[in-house]
Amino acid sequence: TSRSCLATCTGHTDRVYCVAWDHEGGRLATGSSDDTVRLWDATAWASLGVCPGRGGGGVVWAVAWEGGERLVAASSDGTVRLWAASSCCCLGLCRAHHGAVLAMSMVAPRLEKAVLATASADCTVRLWE
């Protein structure tokens, strides 16, 4: 079965490495080696905002939604940033690893808090509340 292209989202100025749907399916987040996270409306396919990276030409390797209004981004500098999706305001920074954070996954287990797993070039996987 073949699929047809529904839309093309443009705006990043370098390679795009990751993409994640929000939990409702109404927004998309993308991360790039242009050191930004971009947010997209999944009905009009229009840009909703740009969350700047660390300003040093880093790579955003992974993005994940935490609930409906917060977004987590993993970077080549070993950090994980928490963003407010509505304003692209950085809510927090965690120096997660000694190497690039290459992948991550968010899960909301039966506990009240979500758990974030991060995987790094430093050969470790770490779990975060």
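So, a few notes on the structure that sits alongside this text. Predicted, not measured: the structure shown is a model, and the values here were computed from it.

### Considering the side chain of Arg81
Then comes step 1: You can see Arg81 is positioned in strand E7 (residues 79–84).
Then comes step 2: When its relative accessible area of 11% is taken as the criterion, Arg81 is described as buried.
Then comes step 3: Within the structure, the side chain of Arg81 is placed 2.7 Å from the side chain of Thr79, a separation counted as a polar contact.

### A word on the sheet that holds strand E1 (residues 16–21)
Then comes step 1: If you walk across this open sheet you meet the four strands as E1-E2-E3-E4, and the pairing is antiparallel. Either end of the sheet is taken by a strand with one partner, and the two such strands are E1 and strand E4 (47–52). Direction aside, neighbouring strands of the sheet carry axes that sit 20° apart on average.
Then comes step 2: Bridge count between E1 and strand E2 (residues 27–32): five bridges; the pairing is antiparallel. By the bridge assignment for E2, Ala20 is matched with Ala29.

### Quick look at the sheet that holds strand E6 (residues 70–75)
Strands in a sheet are paired, the pairing made by backbone hydrogen bonds, and the direction either parallel or antiparallel.
Then comes step 1: Pairing in this open sheet of four strands is antiparallel, and the strands run E5-E6-E7-E8 from one edge to the other. For this open sheet the edge positions go to strand E5 (60–66) and strand E8 (89–95), each flanked by a neighbour on one side alone. Across the sheet, the axes of successive neighbouring strands diverge by a mean angle of 20°, strand direction being ignored.
Then comes step 2: In the sheet, E5 pairs with E6 via six bridges, with the strands oriented antiparallel. Counted as the bridge partner of Trp65 is Leu71 from E6.

Rules used in this analysis
Residues numbered from 1 in each chain as written. Predicted model: local features only at pLDDT ≥ 70, side-chain atom pairs only at ≥ 80, totals over all residues. Heavy atoms only, no water. Helix = DSSP H or I, 4+ residues; strand = E, 2+ residues; numbered from the N terminus. Buried < 20%, exposed > 50% of the residue type's maximum accessible area, 1.4 Å probe, protein only. Polar contact = N/O pair within 3.5 Å; in protein donor to acceptor, adjacent residues only side chain to side chain. Pairing = 2+ DSSP bridges. Axes fitted to C-alpha atoms, helices over the stretch in contact; angles between N-to-C directions.

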